[in-house]
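The residues making up each chain are set out below.
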Amino acid sequence: MHIYFGTVVRTAPVREGGELVKLDWDNKRVLESVPIVPEDPSVEHDPNPRGNTRGCRGIQVRGDRVLAASYHSVEVFDRDLNRLRRMSDGLMVGLHETSLDGDTLWVTSTAIDAAVGYDVERGVRTGGFFPRDSEGLRQSLSLAPQSLDREADHRLSFLDSAHTQHGSHLHLNAVAQWQDRHFALCHAKGAVIDMSRETVVYEDPALIKAHNLIVREDGLAFVNDTYRTTLKVIDLNTGRLVRSVSLRRLGAVQWIFAKTVARTIAKLPGKGRSHIARPLFLRGLAISGSKAWLGFSPATIVCIDWEQGKLLDVYRHSDDVRVCVHGLELAD
């Protein structure tokens, strides 16, 4: 089995900020890798030392194509990571996770709190959800309306982090489909929302700063509780948490933390370095049956049995805590 995953390198120059990797999971061997850099328009300086414009975000595999998001574009590769073309748009800004719905690629434009759909083949915008336009969601989450020119090019308008300080910023960073409805994770509010019905389906302070949202056909939704390094399983049929799996209790994860993270953090300059690059920062998720593949920093992927809470396998890509897994996708 192959895994495609992306990395983000905290504090790195933008052009060295991360890559897309093709991994032979069974043999733990990197087959190909390519740098992911925001270009056309290019980003010469990033005022935010964390991820921001750096590296590779959401990844999807569609047939013989691999779709990998940068800060403001979706790069299209073949399965061997030969670059074929690029999709970009004025509403692609601060991209995080993505999802496929037939011929439509949904991207999360986190900087502008939007989920935007694009025709995969033509690269044109086909639709979008702007939760702060919804009166029901504004009331439920105490939001102010958003003023945004949707025909303007916003790709370089949100390079600093000032917009994240607004009390109504959702940090909408993951999107998924279930029963012809579109759901999103809004990590600033710790909420999973149904954008189609304009309702909040699950809300929990533990999901503040969370990442990833995968929904199975049976309505089970999987979310990474990032700072607690815990996988949350939510039943969208009932709106209840049904399982919580802490990776910190797994022996291999404890060993990685104890043996590599402490000395790596010590190398980071200045005060507040743990905010810039946090150990065991959980981000990156793929689900297949009872198995889950999860990424964390320093760049590591673990496979667990999420039903039994057991560790099955581990791949360590880096021992530098600044290197984080972001996108993660399985492929046959």
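Residues numbered from 1 in each chain as written. Predicted model: local features only at pLDDT ≥ 70, side-chain atom pairs only at ≥ 80, totals over all residues. Heavy atoms only, no water.

Across its full length, the protein carries three helices and 24 strands. Its C-alpha radius of gyration of 18 Å places the protein within 12% of the 20 Å reference for a compact globule of 332 residues. Taken along the three principal axes of its C-alpha coordinates, the protein extends 50 × 45 × 45 Å. For the protein, contacts bridging at least 24 residues in sequence account for 50% of all contacts bridging at least 6. The average position of the 42 basic charges and that of the 42 acidic charges among the side chains of the protein differ by 8 Å. (Helix = DSSP H or I, 4+ residues; strand = E, 2+ residues; numbered from the N terminus. Rg over C-alpha atoms; globule rule 2.2 N^0.38 Å. Contact = heavy atoms within 4.5 Å. Lys, Arg positive; Asp, Glu negative; His and termini not counted. Charge placed at Lys NZ, Arg CZ, Asp CG, Glu CD.)

Relative to the helices and strands, Ile59 is located in strand β4 (residues 59-62). Considering only alpha carbons, one finds Ile59 and Ile287, 228 residues apart in sequence, at a separation of 14 Å. Residues contacting Ile59, with those up to four places away along its chain left out, are Tyr4, Phe5, Gly6, Leu20, Val66, Leu67, Ala68, Thr98, Gly327, Leu328 and Glu329.

Within this model, the largest pocket holds a volume of roughly 690 Å³. Forming the walls of the largest pocket are 33 residues, and the residues nearest its centre are Asn48, Arg50, Thr164, His171 and His187. In terms of residue class, the lining of the largest pocket is made up of seven nonpolar, 18 polar and eight charged. Space inside the second largest pocket adds up to approximately 510 Å³. Considering the residues around the second largest pocket, the lining is formed by 22 residues, among which Gln60, Leu213, Ile214, Leu285 and Glu329 are closest to the centre. Within the lining of the second largest pocket, the residues separate by chemical class into 13 nonpolar, six polar and three charged. (1 Å grid on protein atoms, 1.4 Å probe; cavity = no way out; pocket = protein on both sides within 12 Å on 5 of 7 lines; lining within 4 Å. Points joined across faces, edges and corners; volume = space filled by probe spheres on them. Nonpolar A, V, L, I, M, F, W, Y, C, P; charged D, E, K, R; others polar.)

Let us now look at the sheet that holds strand β17 (residues 220-225). Two pairing modes exist for strands in a sheet, parallel and antiparallel, and in both the strands are linked by backbone hydrogen bonds. Strand order across the open sheet formed by four strands is β16-β17-β18-β19, with antiparallel pairing between neighbours. Both edges of this open sheet fall to β16 (211-215) and β19 (240-246), since each of them pairs with a single strand only. Looking at each pair of strands side by side, their axes are set apart by 20 degrees on average, direction ignored. As defined by bridge partners, β17 adjoins strand β18 (residues 230-235) across six bridges and the pair is classed as antiparallel. (Pairing = 2+ DSSP bridges. Axes fitted to C-alpha atoms, helices over the stretch in contact; angles between N-to-C directions.)

In this section: the pairing of strand β15 (residues 199-203). Sheet topology note: the strand β14 (residues 191-194)/β15 ladder contains four bridges and is antiparallel. Residue pairing for β15: Asp194 is matched across the bridge by Thr199. Turn length for the β14-β15 hairpin, with the two strands adjacent in sequence and antiparallel, is four residues, and the turn residue Glu198 shows positive phi of about 60 degrees.

Nothing here speaks to function; it is geometry throughout.
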